[in-house]
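Summary of structural features
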Amino acid sequence: MKALGIDIGSRYIKGALVEKGKGVDFKRAETSFNPLEKCNEMLNEMPADRVIATGYGRHLLEVHADIKTITEIKAFARGARAFFSNCHTIIDIGGQDTKVIALNEQGNVWKFEMNDRCAAGTGKFLEIMAKNLGYSLDEFGAKALTAHQDIQLSSMCTVFAESEVVSLTAKGVAREEIAMAIHRAIINRVASMAKRIPLQAEVVFAGGCAHNPCLKTLLAQSLKRNIQVASVPEMTGALGAALFAEEDGI
Amino acid sequence: MADYTEMWRNLGLNLENHAGLLAVLSEGYKNIYLSQKGRPKGMEYFDFVISEVHGLRIKEVSDAKRAGRKVVGTFCVYVPEEIVLAADGVCIGLCAGAEVGSDEAEKFIPRNTCALIKAFMGFKLAGLCPYVELTDLIVGETTCDGKKKAYEIFQNITGRVYVMEIPNMKNEESKKLWHSEVVRFKETVEAITKKTITLENLKKGASLVNGKRRALQRLSGLRAADPTPISGLDALLVNQVSFYDDPVRFTQMTNKLCEELEGRIKQGIGVSSRGARRVLISGSPMAIPNWKLHSIIEGSGAVVVGEESCVGERNFRDLLDENFSTVDEGLKKMADRYLEIDCACFTPNDERLENIKSMTKKLRADGVIHYALQFCTPYMMEAYKVEKALGKIPFMRMETDYSMEDVGQLKTRVEAFLEMVK
């Protein structure tokens, strides 16, 4: 039996196919302006006996395809435990929201914190700033790590930070220095959210932003913890949903 | 609905804006309320009231005014309605639950003001609230800094604001102050209505308001049943309507609704299946038409079983002791009764913690969602103590306003909370 988890995020749709408790196939597509079509493509490409949807757009599939849904918070809890069996804290920087989730011994969600409407400190912020500095998202973190100075951004608001970046550029500050400041600003925000719930080892950094080496390094420094990152951290939610689908329990 | 255009024009409403507001309200009501399944028949009356919220009721109040009765508008459950009714006045809770006229309001007050204050300013400034136009007296109160200062500006705009000083503590000196405020309010109402408050009419006012409170208490008690016989949305609506409907008719219709609900409970009929997750909401008031949080929670399959709120339990929990034999004694008892209200403007306010715990138990709630309007500092601050007091009972705090832009995130948070509660 195969089970599929689909995580419909604001930027990407992720699919994880599971067989006998193991992830056997992963796919990712841009959410685009027609997420339903993208989901249907994924459902066709990864045929499964059971499906559960999660993520910001989960209700799309509930309405159009009668597919069960769980929140990404629950899905991340399960997925992170599948990657790291001793995970107790999850940090996820998503496209439009950032979450910190605490798990109990059994791996169930115990507490969580999530940003509200503001895009500050989210993946979208990172994306906008990378573009402003002429970096691709893939190289953004690595370039930031080559910085030497300690420049601080005073604002985390996407709009204000953007103009601050413009004025730093105008002052002739090297772009990798500004890149570092942007990463630091995001981590300050995430760390203050993480400190609202008791941090317990292991701390897992999940979601697509976990590929960014600078965010990972700064997070470890800021929380004074070792940070675990899976090989496919962006699949955490999809994998969790698939595992719930496989056991048909939500 | 009949054509009320002439009446609205005479009241000085902005007809174009007002038509827009009614269209949005009616569409929202259809989507949120009329789409609910298994509603009690008794809700038809309240549906009717909403459909005529700016129509028939305004006409009634206008007619009352023409017959010489005075209209008193309020924003707070601290204003003693008994006194208004004793003087044969009409008491109306004013419009403050929708995001309207923000641009207008922001000419006078800062952007980061709570949605409720912004709304009552906005409703008036955009010419959208027929009730405020009908008032002879608008009663403000010193419950929070935002309201206190906004009333000064509101006085400049309307010229008929009267402010009651609500103490911040509940010691003997505060009690004296509040008692004198109740007496001053009685004298003010006598002056504008040109009627004397007598023992007889004060008793009548007391009995009317207590009747309303008893009906609301009865409704609240029935929500303890599992399955619950009425949705949280519908119960919230009844509580919201209690602030501007005719008190005699409201009491009658609410009791009628309760009779039906008692029948439902006997037959095991509910709006959700037995064992559905039950949520208590605690915190800032939800003025009509603020149905945002209830619709998110109930849209996620849970049921709201109570509101620890001014539009809810705080409004009707305590009855006035009607056993008084002079006007002075009545006012004294009234002052005592109102000072029992556990508004977050008081320090300390430990009674509220006890009340939340007891409501959670009585209504068999599985979890508590603490609701604070953004920038409503007193409730935002108390959330911390509430969480501590509730111990192991699942708890989540939520801060939001009337806008719809954060509904996606709120829905995720509510659903994740419900998954934890399960």
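Reading the values: the criteria
- Residues numbered from 1 in each chain as written.
- Chains lettered and ligands numbered in written order.
- Predicted model: local features only at pLDDT ≥ 70, side-chain atom pairs only at ≥ 80, totals over all residues.
- Pairing = 2+ DSSP bridges.
- Helix = DSSP H or I, 4+ residues; strand = E, 2+ residues; numbered from the N terminus.
- Domains from an automatic or database assignment.
- Contact = placed C-beta atoms within 7 Å.
- Buried ≥ 20, exposed ≤ 12 C-beta atoms within 10 Å, placed from the backbone.
- Right-handed = clockwise from strand over helix to strand, strands pointing away.
- Expected span 1.5 Å × (residues − 1).
- Arc of directions from axis to C-beta.
- Axes fitted to C-alpha atoms, helices over the stretch in contact; angles between N-to-C directions.
- Parallel < 35°, antiparallel > 145°, perpendicular 65-115°, else oblique.
- Left-handed = near helix turned anticlockwise from the far one by under 90°.
- Nonpolar A, V, L, I, M, F, W, Y, C, P; charged D, E, K, R; others polar.

**With respect to the sheet that holds strand β2 (residues 12–19) of chain A**
Residues and elements named next belong to chain A. A sheet is described by the order of its strands in space; here five strands give the open sequence β3-β2-β1-β4-β5, paired in mixed fashion. Each edge of the sheet is formed by a strand with only one pairing partner; in this case those strands are β3 (22–30) and β5 (68–69). By the bridge criterion, seven bridges tie strand β1 (residues 2–8) to β2 in an arrangement that is antiparallel. Along β2, the bridge assignment pairs Leu 4 with Leu 17.

**Description of the domain arrangement of chain A**
Residues and elements named next belong to chain A. Domain boundaries assigned for chain A yield domain 1 (1–84 + 234–250) and domain 2 (87–229). Once you take the C-alpha centre of each, domain 1 and domain 2 turn out to be 25 Å apart. On the side of domain 2, 20 residues touch domain 1, which itself brings 15 residues to the contact. Per element, the largest residue contribution to the side of domain 1 that touches domain 2 is seven residues, and it comes from helix α3 (residues 72–83).

**So, the pairing of strand β5 (residues 278–283) of chain B**
Residue and element names in this part refer to chain B. The buried fraction of β5 is high, at six of six residues. Neither face of β5 is left uncovered, since the one carrying Arg 278, Leu 280 and Ser 282 and the one carrying Val 279, Ile 281 and Gly 283 both have all their residues buried. Across five bridges, the pairing between β5 and strand β6 (residues 303–308) is parallel. Bridge pairing in β6 links Ser 282 to Glu 308. Crossover handedness for the path β5 to helix α14 (residues 292–299) to β6: right-handed.

**With respect to helix α2 (residues 15–34) of chain B**
Residue and element names in this part refer to chain B. The terminal C-alpha atoms of α2, which comprises 20 residues, lie 26 Å apart, in line with the 28 Å expected from a rise of 1.5 Å per residue. Three or more residues of α2 are buried, namely His 18, Leu 21 and Tyr 33. Projected onto a plane normal to the axis of α2, the buried residues spread over an arc of 55 degrees and lie on a single side. Along α2, the residues that are exposed and aim more than 90 degrees away from the buried face are Glu 16, Ala 23, Glu 27, Lys 30 and Asn 31. Its buried side turned inward, α2 meets α1 (5–10) and α12 (232–241).

**Overview of the environment of Glu 62 of chain A**
Residue and element names in this part refer to chain A. Inspection of the secondary structure puts Glu 62 in helix α2 (residues 58–65). For Glu 62 and Phe 160, which are 98 residues apart along the polypeptide, the C-alpha to C-alpha distance reads 38 Å. What Glu 62 contacts, discounting residues up to four positions off in sequence, is Ala 53, Ile 67 and Thr 69.

**Here's the deal with the environment of Tyr 371 of chain B**
All names here are of chain B. Here Tyr 371 is to be found in strand β7 (residues 367–373). On the basis of neighbour count, Tyr 371 is assigned to the buried category, with 25 C-beta atoms found within 10 Å. Every residue in contact with Tyr 371, bar those within four places of it in the chain, is listed here: Ile 281, Ser 282, Gly 283, Ser 284, Leu 293 and Met 398.

**A short note on the packing of helix α11 (residues 199–222) of chain B against helix α13 (residues 247–267) of chain B**
Residues and elements named next belong to chain B. The interhelical angle for the contact between α11 and α13, taken along N-to-C directions, is 20 degrees, at an axis separation of 9 Å. One element, α11, and the other, α13, form an angle in the roughly parallel class. Pair α11 / α13 crosses with left-handed handedness. Judged by residue contacts, Leu 208, Val 209, Gly 211, Lys 212, Ala 215, Leu 216, Arg 218, Leu 219 and Leu 222 of α11 engage Pro 247, Val 248, Phe 250, Thr 251, Thr 254, Asn 255, Cys 258, Leu 261, Glu 262 and Ile 265 from α13. Its residues placed into classes, the contact of α11 with α13 shows twelve nonpolar, four polar and three charged.

**Some remarks on the interface of chain B and chain A**
Contacts between the two partners involve ten residues from chain B and, on the opposite side, twelve residues from chain A. Its residues assigned to classes, the side of chain B that touches chain A shows two nonpolar, three polar and five charged.

**What to know about the sheet that holds β6 of chain B**
All names here are of chain B. The parallel open sheet is built from four strands, whose spatial order is β6-β5-β7-β8. In this open sheet, the two strands that pair with only one neighbour each are β6 and β8 (395–400). The average angle at which neighbouring strand axes cross in this sheet is 25 degrees, direction not considered. Of the strand pairs in this sheet, β7 and β8 are connected by six bridges, and their pairing is parallel. Across the sheet, Ala 372 pairs through a bridge with Glu 399, a residue of β8. Contacting β5, β6 and β7, helix α17 (residues 350–362) runs over the sheet at an angle of about 155 degrees to β6.

**Brief notes about unusual backbone geometry**
A cis amide bond links Ala 201 of chain A to the next residue, Glu 202 of chain A, at an omega of -10 degrees. Relative to the helices and strands, Glu 202 of chain A is located in the loop between α7 (175–194) and β9 (203–206). With an omega of 0 degrees, the peptide bond between Ile 288 of chain B and Pro 289 of chain B qualifies as cis. Relative to the helices and strands, Pro 289 of chain B resides in the loop between β5 and α14. The phi torsion at Asp 66 of chain A lies on the positive side, around 55 degrees, for a residue other than glycine.

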